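These are the residues of each chain, in order.
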Amino acid sequence: MLGFTVAELHQIRTCLGLDFQRGTKDVLVSVILEFLTLLEDHERFLEWFASLPGYLVQAIETACFAGYVAADRVEELAKQPVAELVRSSYFSRYQINPDLRLGIFDLYRKYGLTLLIMKPVFRRTLGLQLPPPEGYRIAPCPEAESQPWSAAETVLESMPLLLKSIRALVADLFSLEKILRRGLNKGEIRELRTRSAFPSFPVGAKTGVDPVGLVVRFLAIDPDQLDGADRTDVRDFIKGLVTTFLVVPSSGRITSAYLSIDSSFEYSVLCPQVTKCPGPRLRRSCFHHHPVTRQVVHSFLSAAAVSGGWYDMDEASESLRMQALSFSIFNDGHDSSRLMVKGEELVLPEGTISTDDWQSGFEPDSYLVHTLMNRPLLKGYCYLLASLGLLEIQERDPEKLLKRNGKLVPVSPFDGLSRVRVTPFGAWCLGVSEAKPELQPVLYEAIAHRELPLVTYRGRSLECRVFLEQIGSAIGEARFRITEASFIRDCTTTEEIDHRIAEFHRLIDGDPPGHWAELFALIRSRARLFEHQEPCVMIQLPDDPALRRLFLEEKRLSSLVVRAEGGRVVVTEENYRKLRKALEEFGVLKG
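Conventions adopted
Residues numbered from 1 in each chain as written. Predicted model: local features only at pLDDT ≥ 70, side-chain atom pairs only at ≥ 80, totals over all residues. Heavy atoms only, no water. Helix = DSSP H or I, 4+ residues; strand = E, 2+ residues; numbered from the N terminus. Buried < 20%, exposed > 50% of the residue type's maximum accessible area, 1.4 Å probe, protein only. Expected span 1.5 Å × (residues − 1). Pairing = 2+ DSSP bridges. Axes fitted to C-alpha atoms, helices over the stretch in contact; angles between N-to-C directions. Core = buried A, V, L, I, M, F, W, Y, C linked by side-chain atoms within 4.5 Å. Contact = heavy atoms within 4.5 Å. Left-handed = near helix turned anticlockwise from the far one by under 90°. Nonpolar A, V, L, I, M, F, W, Y, C, P; charged D, E, K, R; others polar.

## What about unusual backbone geometry?
- For Lys79, which is not glycine, the phi torsion reads 60° and is therefore positive.
- By the secondary structure assignment, Lys79 is in the loop between α5 (71-78) and β2 (83-87).
- Classification of Lys79 as exposed rests on a relative accessible area of 71%.
- The backbone of Tyr111 shows a phi angle near 55°, a positive value even though the residue is not glycine.
- Structurally, Tyr111 can be placed in the loop between β4 (105-110) and β5 (113-118).

Next up, the structure:
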């Protein structure tokens, strides 16, 4: 309340119907706050509400749950224009008509629209006393409308494999920040999927959402959490990740090595549709130390876990808007005009709006923030938690509401998420259930053939199965052929080959028959073929028989070069100067 000017406070006082009060700004604030406290009594509220003009009653009833009301609707009821143009020597601007009691609203004029947006403090206070509309409370929806997707059955086996595979990617802070801001390329995701057997999203894959990419960027938030992960029960490891992320620490703050919001998880990963306008970069101070969005998501999913039902994500996001819950990743002092969603047209329930060519986008301001940021952000959180096995999800082809470069596209890559349901593992991670899911027993048999380069696999071990797919070629369901080429597939160093041989001994056979040792020895020897390399220069000799004979007969020259086809000779860079000096004695210009 202290953030309002004295003029704004007097407009609010007039709107509420309070008598004029002389005194300081603090006195005026105290009078308004005291009146709002009295309105918490429902009988007093009804008495006050009935005393308001009809147009103000309609405006409050609409804006308390939608956040805004169309100006033309208020004008129709009030029989007066809502906005008036104020001219001065330096500028002209529109303001709310002072003859109307609309001080608890702000005037919004953009994209060809004129709206009255209710100030948040009054929306939260007055909305508690009004009867909520349908959809105000988040409620379960009917059973699954399509085949659900879930990683709950595989994540406890896939996560340890992924953690082992990403150690090279998170070797230093620079790599971590780059991964967090830009993500992984398609080749890196494909390789990590091969090594970890993480499934992909059916619809999300079409819009660029991938479980591997989300989880790796999530892990990059705090590299310290990876220490000792291989010695920790994977169930406890994932629960620790989720708890640290969603639950506000006792200090109320989170630590981060990153100074810019470019490196924050919510902005960089879950809001990829939003870009910064050119200019000075937004510092980390613009970002909540622990965004309130995480607390809202935690509360929503905890209630969903208790219910056990499916929840429609569009209905859930609309419910959050009706309840006027704070759902921002930025602090209250952040200016949304520094952010932009690029595009020329945007389809909204009220109609299609367009932007100027020079602006080339829409600001996620008080009117558009729900469509451009809040709804995609809520779905992005759920995609992440589904990747960790906490949620079952359903997807559908996303609506294409944004026109960009003449083409209709979804507002966000997360728009395809339709419904979610908390899994038993998710209920345990969220602290709703005390039933810790049991790990599936790893029972398998891998037999290395005694004469042929074949491995027979039976049973259930994702780690062994993934390893065999890396080093061999499947022959039917239970056999893999191992060759020199298949064994070194995707390896770039001899250390990686040695690691695969050690894994073969650990997962398949600690003392395999002799022909396997011969295979490994052959692979090791060939892997060292290019270990010794020398930089060389290739010289094309002219069509001069005498000169070519010199290279054959003169030992001073032949000892320095290696003959190649096509009348060429190769000389190492180390001997190149000696060759030039020796050739000078035979009449060849040294240069």
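## A few points about helix α14 (residues 292-307)
- The end-to-end C-alpha distance of α14, which contains 16 residues, comes to 23 Å, matching closely the 22 Å that a straight helix rising 1.5 Å per residue would cover.
- Those residues of α14 not exposed but buried are Thr293, Arg294, Val296, Val297, Phe300, Leu301, Ser302, Ala304 and Ala305.
- Positive phi appears at Gly308, one or two residues downstream of α14, with a value of about 80°.

## Considering the pairing of β5
- With three bridges connecting them, strand β1 (residues 68-70) and β5 associate as antiparallel partners. In the strand pairing of β5, Ala70 is matched with Leu115.
- Where β4 lies against β5, six bridges are found, and the strand directions are antiparallel. When the bridges of β5 are listed, Leu107 appears paired with Leu116.
- Linking β4 back to β5 in an antiparallel pair, the connection comprises two residues, with Tyr111 at a positive phi of about 55°.

## A closer look at the sheet that holds β4
- Taken together, the three strands give an open sheet; going across it, the order is β1-β5-β4, and neighbouring strands pair in antiparallel fashion. Both edges of this open sheet fall to β1 and β4, since each of them pairs with a single strand only. With direction set aside, neighbouring strand axes in the sheet form an average angle of 30°.

## Observations regarding the nonpolar core
- By size, the foremost hydrophobic cluster in this structure holds 92 residues, and its most contacted members are Ile238, Leu368, Leu390 and Leu391.
- With ten residues, helix α16 (residues 369-387) is the single largest residue contributor to this core.
- Non-local contacts of Leu390, meaning those with residues more than four positions away in its chain, are made with Ile238, Val242, Leu385, Arg421, Val422, Thr423, Phe425, Gly426, Cys429 and Leu430.
- In terms of nonpolar packing, the next biggest core, distinct from the first, is built from 41 residues, Trp48, Phe49, Leu126 and Tyr136 among them.

## Examining the packing of α14 against α16
- Orientation of α14 relative to α16, taken along the N-to-C sense of each, is 65°, at an axis distance of 11 Å. As α14 packs across α16, the resulting crossing turns out to be right-handed. Contact residues: α14 offers Thr293, Arg294, Val297, Phe300 and Leu301, while α16 offers Leu377, Leu378, Tyr381 and Leu385.
- For the contact of α14 with α16, a count of residues per class yields seven nonpolar, one polar and one charged.

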